[in-house]
There are 2 protein chains.
Amino acid sequence: MMKAGVLGSGTVGQAISARLAELGHDVMIGTRDPNKLSEWQASHKEGKIGSFAETAGHGEIIFNATNGAASLDVLNMAGESNLNGKVLVDISNPLDFSKGMPPSLLVSNTDSLGEQIQEAFPQVKVVKTLNTVTANIMVYPRQVANGDHHVFVSGNDAQAKEQVTDILKSFGWIHVLDLGDITSARGVEMYLPIWLRLWGALGTGMFNVKIMK
Amino acid sequence: MMKAGVLGSGTVGQAISARLAELGHDVMIGTRDPNKLSEWQASHKEGKIGSFAETAGHGEIIFNATNGAASLDVLNMAGESNLNGKVLVDISNPLDFSKGMPPSLLVSNTDSLGEQIQEAFPQVKVVKTLNTVTANIMVYPRQVANGDHHVFVSGNDAQAKEQVTDILKSFGWIHVLDLGDITSARGVEMYLPIWLRLWGALGTGMFNVKIMK
């Protein structure tokens, strides 16, 4: 059992929080707007709700499930002192919807949101993962092809990546592939444009890729 | 049997040309430097070698197998009048090695090389494909997992995509997925950063992705 703080109360934050609670962890979900969570709270009575700072303070491990455009602001509100020394599982995607659909990326190519977070919080162990699948698959990967598909981890700290890999396996993930240091977050974030096109072509978000050798 | 013009004499151009010749097509390979092809010519006596313009003139269908940084220049040398009305299979990747390894992209996010080519040559039917795998897999996809993995086509002309799909199937491809119009070239080009990281993590370029539903 671990104390987990989940920043962000959208689809991804709620899915991650519910799954962690289901697995017996002590979860607090952090939000600007606790009212948004009344429905979630009703069906997850054991879940705690707090401000971003309270949530970061609560967690031994933190999940960034915020909108990528807001992630750095939210992490600043959460507070460096509440985050330092901890593993931050970064699930965010820096999607830019301001130029119409499909969205482009706010940062890409020679940088990534994962790297920006790591640079802004050098004492935090950032592990980028899960941003390449829809929320439902993140937490119940066996729903697709009995789990026979891949998720990736990127980060500078090997031990942090191992810890996150264990959590992913507890969610049901079978194939967790280490892509390298946090600069490999560029790869998984820049995967989003093809992922969005695949969603369009397949007519469902319930898919993922398997690496075939 | 078709007349094919392959622009570019690097690894990809040679692989595509050899495979097309093997399948009985009348192939000309276009290059700035015919000497580079002496070895290839020795083992492919039926293959023709020409300038970019001669090659584009020869082909009923054209393959852009040039370095992405040079593609627009080469296509201009090939000549709009030699290209107009034809299908252009665009295999190029706009990789930028000038900032060190891993390479970044010369164009991405709100544009792509596939789109730039389509815009520069509006009378050409550009179909982006094959840029997501290594040359060897492009032309012999059954080498990996008996061909049980995916390649993508992007382009504005449905009939051109069908024609290219047939050629891909003649190469051995089983799963060819239509991602949409030429703007979906952004997706397959921005896939390169994760592809390069996967190559590093797997220790081989002999892999591809399968879409699992």
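Residues numbered from 1 in each chain as written. Chains lettered and ligands numbered in written order. Predicted model: local features only at pLDDT ≥ 70, side-chain atom pairs only at ≥ 80, totals over all residues.

**Let's talk about the sheet that holds strand β5 (residues 87-90) of chain B**
Residues and elements named next belong to chain B. Strand order in the open sheet made by the eight strands is β3-β2-β1-β4-β5-β8-β9-β10, with mixed pairing throughout. At either margin of the open sheet sits one strand with a lone partner, and together these are β3 (48-50) and β10 (175-180). Averaged over all adjacent pairs, the angle separating strand axes in this sheet is 25 degrees, with direction ignored. Pairing of strand β1 (residues 3-7) with strand β2 (residues 26-30) involves five bridges; the strand directions are parallel. From the neighbouring strand, Ala4 faces β2, where its bridge partner is Val27. (Pairing = 2+ DSSP bridges. Helix = DSSP H or I, 4+ residues; strand = E, 2+ residues; numbered from the N terminus. Axes fitted to C-alpha atoms, helices over the stretch in contact; angles between N-to-C directions.)

**Focus: the relation of the copies chain B and chain A**
Rotating chain B by 180 degrees and translating it 0.0 Å along the rotation axis places it on chain A, where the RMSD comes to 0.0 Å. What the rotation and shift describe, once combined, is the action of a two-fold rotation axis. (Least-squares fit on C-alpha atoms with pLDDT ≥ 70 in both.)

**Some points on the pairing of β1 of chain B**
Side-chain positions along a regular strand alternate between the two faces of the sheet. Residue and element names in this part refer to chain B. Taking burial as the measure, the five residues of β1 include four buried ones, the bulk of the element. This β-α-β element, β1 to helix α1 (residues 11-22) to β2, shows right-handed connectivity. By the bridge criterion, four bridges tie β1 to strand β4 (residues 61-64) in an arrangement that is parallel. Each residue of the ladder has a partner; that of Leu7, found in β4, is Asn64. (Buried ≥ 20, exposed ≤ 12 C-beta atoms within 10 Å, placed from the backbone. Right-handed = clockwise from strand over helix to strand, strands pointing away.)

**Concerning the packing of helix α4 (residues 71-78) of chain B against helix α6 (residues 113-120) of chain B**
All names here are of chain B. The interhelical angle for the contact between α4 and α6, taken along N-to-C directions, is 25 degrees, at an axis separation of 10 Å. Overall, the two elements α4 and α6 adopt an arrangement that is roughly parallel. Crossing of α4 over α6 shows right-handed handedness. Listed contacts from α6 to Ser71, Leu72 and Leu75 of α4 are Leu113, Gln116, Ile117 and Ala120. Within the contact of α4 with α6, the residues separate by chemical class into five nonpolar, two polar and no charged. (Parallel < 35°, antiparallel > 145°, perpendicular 65-115°, else oblique. Left-handed = near helix turned anticlockwise from the far one by under 90°. Contact = placed C-beta atoms within 7 Å. Nonpolar A, V, L, I, M, F, W, Y, C, P; charged D, E, K, R; others polar.)

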